[in-house]
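# Tertiary structure, described
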Amino acid sequence: YMNQNATKELKSLLGNEYFENPKPVNYIKKLIKYSTSKSDLILDFFAGSGTTGNAVMQLNAEDGGSRKFILVQLPEPIDPKKSKTAYDFVKNELKKENPTIFDITKERLIRAAKKIQKEHKDKEWIDKLDLSFKEFETTPMPDENLKDIEELEEVDLFKEISDKNALLTTWKVFDGIKLHKNLKEMDFNGYKGYYLENKLYLVDSGFSLDNLAAILERIDKDNNFLPSKIVINGYVFDSKTQREIYESINNYNKKDLDKIELIVRY
């Protein structure tokens, strides 16, 4: 019975039956409602057709909650012989060259959000309801680094950063900087930092307190250099250096100047 309802729900969103056994939305809604609070984060490592995300959005629309969700789904290819309907849908309607299950996951969330917005338009909190989502793609770690980790050796993932541009691009987009804007490379007593829109990124190894002193001196003397956020690469800044930077920034913040936020990212 539950599978019949689940299939019906998915069919109403996508127009046909693309999963043989989708999770029933009402069942997932009940699990979430009775086991979480209205502001919790719900994680589903096996997203499938996106039922969990759909359930979270529906619950928020019904009770004004602010739950968030993270869905994880491999870009598993759809077999055109075993799942012809799903394959044709993604290939022909979504115009994807190589149809995957993730394509259906994403499309369901988009359509579910539109349907929920329409069905709950009379709710007083509907205008503040966040029905959007961001899409992230993971990249594999090089085999040599995995080997180092297994042997419990100190790992310097970005000592020779071959994909530094990818890292900096990811960080700046996360911070709201437009893709077409280029970060400015700056020298701090021999150490290179990357700066734009009051955000300073430090990604390379070899950082010392002399470099930090150069950064703070630059802030004092250069009116065009006023970082409100300093982001450091947690893979190459050890805990001792992180603590020293934090203490120096904290002492600097005690001055009658704008606050500087220190963020460690991995």
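Our subject is the structure listed above.
Within any chain, residue numbers begin from 1 and follow the written order of that chain's sequence. Local features are withheld for residues below a pLDDT of 70 in this predicted model, meaning they are given only at 70 or higher, and side-chain atom pairs are given and counted only at 80 or more; totals for whole chains, interfaces and linings count all residues. The basis for the side-chain values is all heavy atoms of the structure; hydrogens and waters are excluded.

### Some points on the overall build of the protein chain
Labels follow the DSSP assignment, with helices taken as runs of H or I lasting at least four residues and strands as runs of E lasting at least two, numbered in each case from the N terminus. Looking only at helices and strands, the protein chain has nine helices and seven strands in total. Three labels apply to residues, based on accessible area from a 1.4 Å probe with only protein chains included: buried if under 20% of the type maximum, exposed if over 50%, partly exposed otherwise in between. Across the 266 residues in the protein chain, those meeting the buried criterion constitute 41%. For the protein chain, contacts bridging at least 24 residues in sequence account for 63% of all contacts bridging at least 6. As displayed, the protein chain offers around 17200 Å² of accessible surface, 50% of which is attributable to carbon and sulfur atoms. By definition, residues are in contact when any of their heavy atoms lie within 4.5 Å. Method for areas: the Shrake-Rupley scheme with a 1.4 Å probe, in which residue coverage is limited to the protein chains shown.

### A word on the pairing of strand E2 (residues 68-71)
For two strands to pair, DSSP has to find at least two bridges joining them. Taken together, the four bridges between strand E1 (residues 41-44) and E2 define a ladder with parallel strand orientation. Note that in E2 the partner of Asp44 across the bridge is Leu71. We call a crossover right-handed when, viewed with both strands directed away from the observer, the connection leading from the first strand over the helix to the second proceeds clockwise. A crossover connection joins E1 to the parallel E2 through helix H3 (residues 51-63); in handedness this β-α-β unit is right-handed.

### Quick word on the packing of aromatic side chains
Pairing of aromatic rings covers Phe, Tyr and Trp, the last through its six-membered ring, and needs centres within 6.5 Å; plane angles under 30 degrees mean stacked, over 60 mean edge-to-face, and all others mean tilted. The final tally for this structure, using the stated rule, is six aromatic pairs. Residues Phe188 and Phe225 carry aromatic rings whose centres are separated by 5.6 Å and whose planes lie at 40° to one another, so their mutual orientation is tilted. Pair noted here: Phe188 is in strand E3 (residues 184-188) and Phe225 is in the loop between helix H8 (209-221) and strand E6 (229-233), with a separation of 37 residues, a long-range link. Phe225 carries the same exposure label as Phe188, and that label is buried. Measuring from centroid to centroid gives 5.3 Å for Phe207 and Phe237, while their planes differ by 45°, and the two rings are tilted. Residue Phe207 is found in the loop between strand E5 (199-202) and H8, and its partner Phe237 is found in the loop between E6 and helix H9 (239-253); the two are separated by 30 residues along the sequence. Exposure remark for Phe237: the relative accessible area of 3% places this residue in the buried category. Each residue in the set Phe188, Tyr195 and Phe225 is aromatic and connected to the rest through ring pairs, giving one cluster. Two thresholds decide whether a charge sits over a ring: the Lys NZ or Arg CZ must be within 6 Å of the ring centre and within 35 degrees of the ring normal. Sitting over the face of the ring of Phe225, Arg218 holds its NZ or CZ atom 5.8 Å from the ring centroid.

### Describing the sheet that holds E5
Strand order in the open sheet formed by five strands is E3-E4-E5-E6-E7, and the pairing between neighbours is mixed. Looking along the sheet, the strands with just one partner apiece sit at the ends: E3 and strand E7 (261-265). Recorded for the sheet is a direction-independent mean angle of 25° between the axes of neighbouring strands. With four bridges connecting them, E5 and E6 associate as parallel partners. Looking across to E6, one finds that Lys199 is bridged to Lys229. Fitting a line to C-alpha atoms yields each axis, with helices limited to the stretch in contact; the angle taken between N-to-C directions then spans 0 to 180 degrees. Contacts from H8 reach E3, strand E4 (191-196) and E5, with the element oriented near 115° to E3. Across the sheet, H9 touches E6 and E7, and the angle it forms with E7 is around 165°.

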